[in-house]
Amino acid sequence: MLYVPVPEKIRNVLGEWVLEQSYFGIIVTDEELNVILLNNWFKENLPHIFTRYKDKNLLDLFPNIKERKLDQYYLSALTGKPNFLSQAFHHYLIEIPLLSPYENIKFHQQNCEISPLFDKGKIIGTITRIENITDRIIRESVLRKKIDELKDAEQKLVKYSEELLEANIARDKMLSILAHDLKGPFYPLKGMLDIIIEDYNSFSDKELEDNLKEFQNRLIGYYALVENLLNWATMQRKGFKFNPTTFLLNELIENVRTIFHLNATKKNISINVSVAEDIFLTGDKDMIFTLLRNLLGNAIKFTSKGGSVKISAQVQNENIILSVEDTGIGIPKEKIDKLFKLSEISSVNGTDGEKGTGLGLLICKEIVDLHKGKINVISESGKGTNIICQFPKDIL
Amino acid sequence: MILSKEQKDSISELINISFSKSAASLSELTGHRVLLSVPEVEIHPISDLQKVLEKYVGGEISTVHQIFNGAIAGDALLILNKKSAISLAELLTGNSFSESEAFNTTVREVIVEVGNILLNACLGMFGNLLKVQFSFSVPSLHLESLDGMLQTIVFDKQELQYALIVFMEFRLRDSSVKGYLVIVLGVTSLDRFLKEVEVLG
């Protein structure tokens with residue numbers, strides 16, 4: 001270190017300046033940590049200490065130093081090592097309450113240096129320099145808070161923009177469905193009704209009954225299609241209510257089977273139900289009904305005449321496993337991943353020309369997600385499909 | 001000057017003992033377990049220091065610098081590159097500091113205190129081993145290029161100077177940050193140090 005000789009007069013002036021100025025707190029102790037000097041900074045910040053510090057030990061004058069294990073830095077200084085204590089780790093050396101605390105900042109925030117005091121190469125005590133950085137820390141805290149708020153706002157904006165994008169895709173899809181899938185079956189129905197009315201007198205009673213039954217059948221399919229669309233649109237709405245209750249799953253399966261009895265009979269498809277025990281499921285009953293209706297409706301729709309559909313449910317550990325398996329046409333491997341993506345779905349006619357929107361499985365996925373469950377599709381082209389839904393027993 | 005394997009092992013062991021105390025101090029300060037890797041040491045003439053360090057640090061670097069005086073004199077430096085300094089401050093304080101606020105005052109103060117702890121430990125070990133007392137300056141932080149930093153090292157041009165480089169790694173919260181301790185010593189002090197090390201070995 002290069003030393004520049006300092007004239008006596010300058011030394012005295014410097015000494016006076018250190019004592020009088022109050023930008024930094026200065027504590028000088030002897031080698032036993034008895035306080036020799038506190039500068040004017042203490043007069044301003046801790047007047048009651050300033051008037052009675054003489055002949056007091058530092059650790060008695062500021063007991064908090066020892067309580068917070070900061071005395072180790074004084075012991076280190078007495079072995080000749082200078083120590084820098086940052087506010088980031090210690091907050092402060094000397095406890096001075098703030099007149100106006102800011103959030104969790106209740107005391108002056110300080111950086112300090114605790115160094116050995118040498119005289120002719122011999123350690124004769126310690127010197128501490130304290131810098132009050134409270135204003136800076138409060139400013140940083142305010143800034144950090146603002147930065148966090150801005151980050152939050154940015155994240156929200158990104159989320160809203162993603163939601164808007166998703167809503168746009170959903171709206172486009174809905175328009176496409178309305179334009180194509182809803183309008184599509186309407187004309188054949190109208191055409192069929194025109195023929196029945198025009199040729200009413202030429203039909204035998206049997207032909208008339210068959211035509212009306214066919215009309216009714218198509219109308220039921222059409223109604224289911226509209227209902228699906230409405231269900232899905234409802235689920236997309238903000239504020240949509242999930243209304244869980246505990247109900248007997250067996251009953252719901254039986255109700256759905258009854259609804260599809262006619263369709264299945266018409267295609268000579270057998271529906272087998274395999275539920276070994278009474279299973280109580282906690283969830284939104286209407287949604288689970290919609291789920292079952294879609295799964296069974298799809299299974300019948302995509303199974304050729306003479307095939308079979310099996311609905312099974314069982315409890316496994318903490319989960320309820322519901323599956324609908326058919327011996328139908330199956331789903332090509334490359335299409336399985338696209339079944340649950342709104343932008344990728346497309347309607348496929350059933351084995352008997354049944355219409356659909358392609359929304360069925362998407363609705364099923366959304367229902368299962370709302371129940372904190374999982375949906376899995378196992379399928380092989382030409383061999384059939386098994387759709388397995390897993391629900392936690394207790395979702396509440 | 002090339003260190004023999006035994007000398008390297010002995011110096012590494014000595015620094016490792018100092019570091020284990022430093023790691024404990026850092027753990028106590030931060031409330032997180034801080035580990036310091038077993039250091040590797042090399043000795044190079046001061047004239048080669050830039051060439052050696054360039055392999056590890058570049059661009060703007062942060063250096064905690066302490067000058068020591070007495071029976072032996074020299075410079076002790078903790079060198080971190082900019083990214084490592086910010087990462088270390090983030091890991092130790094739990095706050096995140098974006099690039100734009102890199103080297104804000106809090107980051108600087110954290111690095112100064114960490115450097116102070118490590119350099120004190122290392123220099124303390126030197127003093128104990130050589131049975132000499134020397135005074136250290138208060139640590140100061142410099143942000144500059146490697147070249148600029150090396151210009152700040154004040155050394156006695158009358159004597160050949162050597163740099164003892166300690167390669168170290170801080171490990172905490174599943175992350176690690178690399179740093180470099182450099183202690184610049186005159187050939188006489190270094191020779192004395194190595195003799196003491198050999199006695200220990």
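Residues numbered from 1 in each chain as written. Chains lettered and ligands numbered in written order. Predicted model: local features only at pLDDT ≥ 70, side-chain atom pairs only at ≥ 80, totals over all residues. Heavy atoms only, no water.

Digging into the overall build of chain B
Thought 1: Scanning chain B for helices and strands turns up six helices and eight strands.
Thought 2: Listing the helices and strands of chain B from first to last along the sequence gives α-β-β-α-β-β-α-α-β-β-α-β-β-α.
Thought 3: The proportion of buried residues among the 201 residues of chain B is 56%.
Thought 4: For chain B, contacts bridging at least 24 residues in sequence account for 72% of all contacts bridging at least 6.
Thought 5: Counting only carbon and sulfur atoms, one obtains 49% of the accessible surface of chain B, whose full area is about 8,600 Å². (Helix = DSSP H or I, 4+ residues; strand = E, 2+ residues; numbered from the N terminus. Buried < 20%, exposed > 50% of the residue type's maximum accessible area, 1.4 Å probe, protein only. Contact = heavy atoms within 4.5 Å. Areas by Shrake-Rupley, 256 points an atom, 1.4 Å probe, with all protein chains shown as cover.)

Focus: the pairing of strand β13 (residues 374-380) of chain A
Residue and element names in this part refer to chain A.
Thought 1: Of the two faces of β13, only the one carrying Ile375, Val377 and Ser379 is buried; Lys374, Asn376, Ile378 and Glu380 on the other face are not.
Thought 2: Where β13 lies against strand β14 (residues 384-392), seven bridges are found, and the strand directions are antiparallel. Paired with Asn376 across the strands is Ile388, a residue of β14.
Thought 3: Between β13 and β14, which pair antiparallel and follow one another directly, the connecting turn spans three residues, one of which, Gly382, has a positive phi of 85°. (Pairing = 2+ DSSP bridges.)

Brief notes about the sheet that holds β13 of chain A
Residues and elements named next belong to chain A.
Thought 1: Strand order in the open sheet made by the five strands is β9-β11-β12-β14-β13, with mixed pairing throughout. The two strands at the open ends of the sheet, each matched to only one other strand, are β9 (270-275) and β13. If you compare each strand with its neighbour and ignore which way they point, the axes differ by 10° on average.
Thought 2: As paired elements, β9 and strand β11 (residues 308-316) share six bridges and run parallel to each other. Each bridged residue has a counterpart across the sheet, and for Ser270 the counterpart in β11 is Ser308.
Thought 3: Here helix α12 (residues 285-301) sits on the sheet and contacts β9, β11, β12 (319-326) and β14; the angle it forms with β12, its principal contact strand, is near 25°. (Axes fitted to C-alpha atoms, helices over the stretch in contact; angles between N-to-C directions.)

Observations concerning the state of the cysteines
Thought 1: Under the defined criterion, the tally for this structure stands at zero disulfides over all chains.
Thought 2: Its sulfur unpaired, Cys389 of chain A is 6.6 Å from the next cysteine sulfur, which belongs to Cys364 of chain A. (Disulfide = S-S within 2.5 Å.)

Let's talk about the pairing of strand β8 (residues 175-186) of chain B
Residue and element names in this part refer to chain B.
Thought 1: Among the 12 residues in β8, nine count as buried, and that is most of the element.
Thought 2: Relative to β8, strand β7 (residues 161-172) is paired through 12 bridges, and the arrangement is antiparallel. Bridge pairing in β8 links Val166 to Leu181.

Observations concerning helix α1 (residues 5-30) of chain B
Thought 1: Taking 1.5 Å of rise per residue, the 26 residues of α1 of chain B would be expected to cover 38 Å, and the 35 Å separating its terminal C-alpha atoms lies within 8% of that figure.
Thought 2: The first or second residue beyond α1 of chain B is Gly31 of chain B, which carries a positive phi of 80°. (Expected span 1.5 Å × (residues − 1).)

Focus: helix α10 (residues 249-259) of chain A
All names here are of chain A.
Thought 1: Where α10 is concerned, the buried positions are Leu249, Asn250, Leu252, Ile253 and Val256. Within α10, the buried residues cover an arc of 165° as seen down the axis, which keeps them to one side.
Thought 2: Along its buried surface, α10 packs onto β8 (245-248), β9, β10 (280-283), α12, β11 and β12. (Arc of directions from axis to C-beta.)

Section: the packing of aromatic side chains
Residue and element names in this part refer to chain A.
Thought 1: One pass over the full model with this rule turns up seven aromatic pairs over all chains.
Thought 2: Plain terms: the ring middles of Trp41 and Phe42 are 5.1 Å apart, the flat faces sit at 80° to each other, and that makes the pair edge-to-face.
Thought 3: A relative accessible area of 0% places Phe42 in the buried class.
Thought 4: Centre to centre, the rings of Phe50 and Tyr53 are 5.9 Å apart; their planes meet at 50°, and the pair counts as tilted.
Thought 5: Three or more aromatic residues joined by ring pairs make a cluster, and in this case those are Trp41, Phe42 and Phe62.
Thought 6: The aromatic ring of Tyr92 is capped on one face by Arg68, whose charged end is 4.0 Å from the ring centroid. (Phe/Tyr/Trp six-rings, centres within 6.5 Å; stacked < 30°, edge-to-face > 60°. Lys NZ or Arg CZ within 6 Å of the ring centre and 35° of its normal.)

With respect to the pattern of salt bridges
Thought 1: Taken as a whole, this structure holds 17 salt bridges over all chains when the rule is applied.
Thought 2: For Arg257 of chain A, the salt bridge is made with Glu254 of chain A, and the minimal N-O distance between the two is 3.1 Å. Linking Arg257 of chain A with Glu254 of chain A, this pair stays in helix α10, spanning three residues, or about one helical turn.
Thought 3: Between Lys131 of chain B and Glu196 of chain B there is a salt bridge; the shortest N-O distance is 3.9 Å. Taken together, the residues span a long stretch of sequence, with Lys131 of chain B in the loop between α4 (105-130) and β5 (134-136) and Glu196 of chain B in helix α6 (residues 187-200) at a distance of 65 residues.
Thought 4: Residue Lys131 of chain B is classed as exposed on the basis of its relative accessible area of 66%.
Thought 5: The class of Glu196 of chain B is partly exposed, set by a relative accessible area of 24%. (Salt bridge = Lys/Arg side-chain N within 4 Å of Asp/Glu carboxyl O.)

Focus on a nonpolar patch on the surface
Residues and elements named next belong to chain A.
Thought 1: A surface patch of nonpolar side chains, about 240 Å² in accessible area, is lined by Val6, Ile10 and Leu14.
Thought 2: Turning to its location among the elements, Ile10 is positioned in helix α1 (residues 8-20).
Thought 3: Overall, Ile10 belongs to the partly exposed group, its relative accessible area being 44%. (Patch = residues over 30% accessible without salt bridge, like charges linked within 9 Å, V, L, I, M, F, W, Y side chains within 5 Å.)

Focus on the nonpolar core
Thought 1: In terms of nonpolar packing, the biggest core is built from 84 residues, with Ile94 of chain A together with Phe170 and Phe193 of chain B touching the most fellow members.
Thought 2: Phe170 of chain B has contacts with Leu26, Leu35, Leu36, Leu80, Leu88, Val114, Leu118, Ser175, Ser176 and Val177 of chain B, leaving out every residue within four places of it along the chain. (Core = buried A, V, L, I, M, F, W, Y, C linked by side-chain atoms within 4.5 Å.)

A few points about the interface of chain B and chain A
Thought 1: Counting from both sides, the interface comprises 31 residues of chain B and, opposite them, 26 residues of chain A.
Thought 2: Across the interface of chain B and chain A, roughly 2,200 Å² is buried in total on both sides, 55% from carbon and sulfur atoms.
Thought 3: The three residues of chain B that bury the most area against chain A are Glu109, Glu113 and Val138 of chain B, which together make up 24% of that side's buried surface.
Thought 4: Across the pair Arg136 of chain A and Glu109 of chain B runs a salt bridge, and its minimum N-O distance is 2.8 Å.
Thought 5: There are 10 residue pairs in polar contact (both at pLDDT 80 or more) connecting chain B and chain A.
Thought 6: Elements that contribute at least two residues to the side of chain B that touches chain A include exactly α1, β3 (60-70), α3 (82-93), α4 and β5 of chain B.
Thought 7: Per-element accounting of the side of chain B that touches chain A gives the leading share, 10 residues, to α4 of chain B. (Buried area = accessible area lost by both parts, 1.4 Å probe. Polar contact = N/O pair within 3.5 Å; in protein donor to acceptor, adjacent residues only side chain to side chain.)

Points about the sheet that holds strand β7 (residues 122-132) of chain A
Thought 1: Reading across the sheet, the five strands line up as β2-β1-β7-β6-β3 (chain A) and stay open at both edges, with antiparallel pairing between neighbours. For this open sheet the edge positions go to β2 (35-38) and β3 (83-85) of chain A, each flanked by a neighbour on one side alone. Each adjacent strand pair in this sheet contributes to an overall mean axis angle of 20°, direction not counted.
Thought 2: Summarising the sheet, β3 of chain A and strand β6 (residues 110-119) of chain A pair through three bridges and their orientation is antiparallel. Bridging from a neighbouring strand, Asn83 of chain A pairs with Ile114 of chain A of β6 of chain A.
Thought 3: Relative to β3 of chain A, α4 of chain B is tilted by about 150°, and along the sheet it contacts β3 and β6 of chain A.

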